[in-house]
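The residues making up each chain are set out below.
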Amino acid sequence: MEQKDIGISLDLMKIKAIVMDIMIGGTDTTITTVEWVMAELLNTPQIMAKRPSQSAIVGGYTIPEGTKVFLNAYAIQRDPQVWESPLEFQPERFLNSTNLEYAGNNMNYLPFGSGRRICAGLPLAEKMLMFVLASLLHSFDWKLPEGENVDLSEGFGLVIKKNERLLAIPAPRLSNFELYQ
Ligand code: HEM
């Protein structure tokens, strides 16, 4: 692999300093805070006993304290009052930046959830998905086996998988395909 000189040398001393930064900045700070909070809580049992939740009114509905609320993201993302022809594959609808917002601020589109329990892998997932799809589409022409149609029926589960596995035939479309083998 070609190496570029970017004018910064990385000797053993600097590597040790970076590792120390990561250790102290990334672990010691959090552990110390947890220890202090636990110590203060154990020292004041009346504060330890408090629970912060309380009844609230959300969108006109009273949510009594302690209620478990489940959000039906499946239905929201297929709501024809929000999405035009929601069951049609129309990727262009996401060229609109409001529709594309998937980081938990658009309550009509929540593929990664929202709030403090939002998907922890979002930054990795968006890069992986783009990379894998772009590589497949850029590197190959795709077709279905002779006489086959795509089955779009949904299975059931935590993640909605296809009922039938997708079988597709790739043909290399890049002249330098051997580079990928
Ligand atoms: C297309 C890919 C993905 C989708 C659609 C997705 C979707 C979700 C959803 C809907 C949640 C629940 C959020 C909530 O309760 O509000 C979640 C949670 C989570 N996801 Fe993902 N995810 C994806 C990829 C990943 C990846 C690649 C990782 C890890 C490398 C990951 C790690 C997690 C974790 C750790 C949680 C639990 C977060 C918590 O409860 O605090 N996810 N994900």
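Predicted, not measured: the structure shown is a model, and the values here were computed from it. (Residues numbered from 1 in each chain as written. Predicted model: local features only at pLDDT ≥ 70, side-chain atom pairs only at ≥ 80, totals over all residues.)

Remarks on the domain arrangement of the protein
Item 1. Under the domain assignment used here, the protein contains domain 1 (67-120) and domain 2 (121-181).
Item 2. Taking only C-alpha atoms into account, the centre of domain 1 sits 23 Å from that of domain 2. (Domains from an automatic or database assignment.)

Quick notes on helix α5 (residues 122-139)
Item 1. Over its 18 residues, α5 runs 25 Å from end to end, which matches the ideal 26 Å to within 8%, given 1.5 Å per residue.
Item 2. Among the 18 residues that make up α5, zero are buried, leaving the element largely open to the surroundings. (Helix = DSSP H or I, 4+ residues; strand = E, 2+ residues; numbered from the N terminus. Expected span 1.5 Å × (residues − 1). Buried ≥ 20, exposed ≤ 12 C-beta atoms within 10 Å, placed from the backbone.)

Considerations on helix α1 (residues 12-43)
Item 1. Across its 32 residues, α1 extends 45 Å between first and last C-alpha, which sits within 8% of the 46 Å expected from 1.5 Å per residue.
Item 2. Along its length, α1 shows its largest kink, about 30 degrees, at D28.
Item 3. Along α1, only zero of the 32 residues are buried, which leaves the element largely exposed. (Bend = angle between axes of the 7 residues up to and from the residue.)

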